[in-house]
Each structure stands twice: as structure tokens, then as C-alpha cells.
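Reading the structure
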Amino acid sequence: MKVLGIETSCDETGLALYDTEQGLLAHVLHSQVATHESYGGVVPEIASRDHIRKWVGLTRECAARADMKIKHIDAVAYTAGPGLAGALFSGAVAGRTLAWTLGIPAIGVHHMEAHLLAPMLEPESPDFPFICLLVSGGHTQLVRVDGLGQYLLLGDTLDDAAGEAFDKTAKMLGLGYPGGPRLAKAAESGDAQKFVFARPMTNRPGLDFSFSGLKTAAITAFNSAHRDSAVINDIAAGFQASVVETLCIKCRRALQQENLRNLVVAGGVASNTRLRAALQQTVDDVDGELFCPRLEFCTDNGAMIALAGALRLQAGESSNTEIVIRPRWPLSEMQPPQRASGASGMR
Ligand code: KG4
Ligand code: ZN
């Protein structure tokens, strides 16, 4: 089954073709970073319009790279949530319309489930069960994964997500948008020992996170320091070291608590090289194994949407013709694939 994946939940338009027999056939991505840069962050209305403008060209390009005709697609998977409402709608309408025209099924995918499954795009992919650290712009969660749609939330952020804390701290340090990669780059030239911040919520039991205080501590340090680029780099390094160590401590705790060895890290922050290296060390220490998607599949992309949709359709999940989006959609509400009942069909 060849599935076209469409990702439009935020500021990236991602298209991909995934074949359940052959794996990923092709993927293309258009980032809106340049479009939003002068605003210092994502402007939802502009994001939606840009998705609409780009998706036909990107779909054609994706099919050409896969050396395939669009009429040979067997199903469409699009991001139905969580994300920006208008941006989600643009992908949902595009995907459903294409599916209706071709007479094939369409399925709305949970964006975080897709992130969580993204390591399965790689040759070395994890077996269930595993612990997943989901770290993106809107989420910081530790999840026990027992199968497709079988998710037990072990820990969550009480305030800012890790990516959000990166973004807000970067903005206040004058590093601009997109904050995460820029702060990570600044940190590479800084000394993490100059500003040592607390590792929030690690000195008490539990698997929840809180990054809002860390963000404030970084800004307070910035406001009381002599503001030059060396200081900014040092604060960035200290901030990043705190986030990385905090995430590692909680991952280790989650593996021990659940008595599991396999750790998956996914979502935009998983592209942080310091975090990947530190998590590798963490799993090595407990004789475990780390699975991360390649860098381009950590941040938003169409490949993970095509894969998640393909896995659910392959498991017999039904699909209807309604264009439903869920801008807020807790991962804990996900269920294993639901098979079609009666004769209502898949479309
Ligand atoms: O998964 P993603 O592309 O979109 C969401 O689903 O949110 O994640 C985006 C988040 C942003 O907060 C971005 O700043 C962060 O991931 N990010 C990073 C890095 N690259 C992206 N954070 C830290 N270090 C990075 N290298
Ligand atoms: Zn994402």
C-alpha cells in the first residue's frame, strides 16, 4: 500500500510517499522559517496560506522523486492534530479532497503519535514495548509504548515544553527564531560551567517536568550580566546543559521504573546533538538501547505522517469522509487501530 503523507500542523509543509512493502519512497519539505522570521515567531494565518500555496507543487515533486504517478497512490494520511487550527485544516482539506477525487481512503493522523513512530522509518527500529521521550515545541512527555495506540503517559510538563523553553529563552537572549537550533548553535561556543542552572524537578520523585523556572533563571542571569555575545553563548550553554541533564535523569528513571531497556527520543528537540549524545550515554549506563530518527525526521516532516497512517490503515483502521481536525488532542486519548464495522467503507 502506497500512502501519501501530508504534514501541515505548524510551519513546515511536508509531503512523503511511504510503501508498506518497500518503506519510504520519497519525501519533500518546505520550511516557512524565512516567511515568519521577521515576525519573530509563527503567524498562524500566514502559515495556513503558505501550506495551501505550496502543497500541490510539493505533492508533484514528491511523486516525481518516487517515480510514481499520483493516480497510483493507495491512501492519504494527513495531520489532524494537535497543531494550529488553520494550518491543520489546509492539510486536511487538501488530503481529503485528493482522496475523494482518487476514490481512495484518507486518514487523520495524530502528530505526536507520528513523532513517536518516526524511529521506525530507520533500518534499526525499536520493538514494543519501549519508553519514548517526546520533546517538541508543544510537548515534553515520557510515554510507555506497548503497541500502536497503546500509550501510557508517565510524565508530562507542568508548564513550558522543552522546545518552547528553548524558543522563549532564545528570543529573550536576542537569538531570534527559530529559537531551538539558534540557541543550540550559540551554546556550542559557550562554556556551560559559567552559568550553572538548577535541574528542575529532579530532586523529587516522579517523571514530570517544569522548564518555566529555568527559562526565567536564564533571563535573570542575562539581565544582570554584562551583555556581550560571549555571555549569551555561556548562558545558552548553561541552559542547554540543564535541559539535557534533566531529560536524561527522567529518562533513566522511566526506564528503571518500567523495567525496560529501549528508549526512543523523538520530536524537534531530539535533533539537539548534545541531547542525543547524553541520552546515548544514559542508555549505555543501564545497558539499554537508544533509537532516534535521523535529524530531518525529528522535526516536523511528511514521512512520519505517511508511516503512522500506513500502520493504522494496514491494521484495518477505518476512515470516513468527514474533515475533522483536533487542534488539542491528548496522546492519551489514542486507541489501537479501530477496524471498520458494517459496510460503511473506508473513505
Ligand atoms: O517537532 P517540531 O518540529 O514541531 C512541533 O511539533 O512542535 O519541534 C519544534 C521544536 C521547536 O521548539 C524548536 O525550537 C525545537 O523543536 N528544536 C530544537 C532544535 N531543533 C528544533 N531545540 C533544541 N535544539 C535543537 N537543535
Ligand atoms: Zn512536531
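Residues numbered from 1 in each chain as written. Chains lettered and ligands numbered in written order. Predicted model: local features only at pLDDT ≥ 70, side-chain atom pairs only at ≥ 80, totals over all residues. Heavy atoms only, no water.

Observations regarding the environment of Gly-103
Put simply, the rule is: Secondary structure counts use DSSP, requiring at least four H or I residues in a row for a helix and at least two E residues in a row for a strand, with both numbered from the N terminus. The classification of residues rests on relative accessible area computed with a 1.4 Å probe and restricted to protein chains. Under 20% of the type maximum is buried, over 50% is exposed, and intermediate values are partly exposed.
By the element assignment, Gly-103 lies in the loop between α3 (85–102) and β5 (106–110). Judged by relative accessible area, which is 36%, Gly-103 ranks as partly exposed. The sequence separation of Gly-103 and Phe-128 amounts to 25 residues, and the corresponding C-alpha distance is 34 Å.

Some details on the confidence of the model for the protein
Under the convention used in this document: Residue-level confidence of the predictor is summarised by pLDDT, bounded by 0 at the bottom and 100 at the top. Note on contacts: a residue pair qualifies if any of its non-hydrogen atoms lie within 4.5 Å across the two residues.
Of all residues in the protein, 98% have pLDDT values of 70 or greater, and the mean over the chain is 96. Long-range and interchain partners of residues 342–347, a stretch whose pLDDT sits below 50, account for 16 contacts in this model, where long-range means more than four residues apart.

Notes on the site of ligand 1
The line we're drawing: When at least one non-hydrogen atom of a residue lies within 4 Å of a molecule or strand, that residue is treated as near it. Any pair of N or O atoms that falls within 3.5 Å is considered a polar contact. Within protein, one atom must be able to donate a hydrogen and the other to accept it, and sequence-neighbouring residues count only if both atoms are side-chain atoms. Here the open area of atoms and residues is found with the Shrake-Rupley method and a 1.4 Å probe, where only the protein chains shown may cover a residue. Amino acids outside the nonpolar list (Ala, Val, Leu, Ile, Met, Phe, Trp, Tyr, Cys, Pro) and the charged list (Asp, Glu, Lys, Arg) are all regarded as polar, and Gly is one of them. Reported domain spans reflect what an automatic or database domain assignment gives.
Around ligand 1 there are 19 residues in total, and His-115, Gly-137, Asp-167, Gly-268 and Asn-272 lie nearest to it. One nitrogen or oxygen atom from the side chain of His-111 is found 3.1 Å from an oxygen atom belonging to ligand 1. Within the backbone of Asp-300, a nitrogen or oxygen atom sits 3.1 Å from an oxygen atom of ligand 1. With the chains in place, 86% of the 550 Å² that ligand 1 exposes on its own is no longer accessible. Classifying every residue of the shell around ligand 1 gives five nonpolar, twelve polar and two charged. The residues that make up the shell around ligand 1 include at least three from each of domain 1 (2–116 + 298–333) and domain 2 (127–292).

Re the pattern of salt bridges
Applied cut-off: By salt bridge we mean one thing: a side-chain nitrogen of Lys or Arg within 4 Å of a carboxyl oxygen of Asp or Glu.
The final tally for this structure, using the stated rule, is 19 salt bridges. Between Lys-215 and Asp-160 there is a salt bridge whose closest N-O contact spans 2.8 Å. Placement of the pair is Lys-215 in helix α7 (residues 212–224) and Asp-160 in the loop between β8 (150–156) and α5 (162–172), with a sequence separation of 55 residues. On the accessibility criterion, Asp-160 (6% relative accessible area) is buried. Linking Arg-252 and Asp-285 is a salt bridge whose minimum nitrogen-to-oxygen distance equals 3.9 Å. Residue Arg-252 is found in helix α8 (residues 229–258), and its partner Asp-285 is found in helix α9 (residues 273–285); the two are separated by 33 residues along the sequence.

What about the coordination of the zinc ion (ligand 2)?
Quick reminder of the rule: Donor atoms: N, O and S within 2.8 Å of the metal, or within 3.2 Å for Na, K and Ca. Because water is excluded, sites can look incomplete.
The zinc ion (ligand 2) binds to the protein through His-111 (NE2), His-115 (NE2) and Asp-300 (OD), with metal-donor distances spanning 2.0 to 2.1 Å. Sequence positions of the residues that donate to the zinc ion (ligand 2) give the spacing H-x3-H-x184-D. Of the two residues, His-115 sits in helix α4 (residues 111–117) while Asp-300 sits in the loop between β10 (289–291) and α10 (302–314), which places them 185 residues apart along the sequence. Taken individually, His-115 and Asp-300 each receive the classification buried, so the pair is uniform in this respect.

Points about the layout of surface pockets
This is how the line gets drawn: Using a grid of 1 Å spacing that covers the protein atoms alone, one calls a set of points a cavity when a 1.4 Å probe fits there but cannot get out, and a pocket when the set is open and has protein on both sides within 12 Å along at least five of seven lines; lining residues are those with an atom within 4 Å of a point. Grid points are joined across faces, edges and corners, and a volume is the space filled by probe spheres set on the points.
In this structure, the second largest pocket occupies an estimated 460 Å³ of space. Elements supplying a minimum of two residues to the lining of the second largest pocket: β4 (75–81) and β5. No other element matches the three residues that β5 contributes to the lining of the second largest pocket. Its residues assigned to classes, the lining of the second largest pocket comprises nine nonpolar, six polar and six charged.

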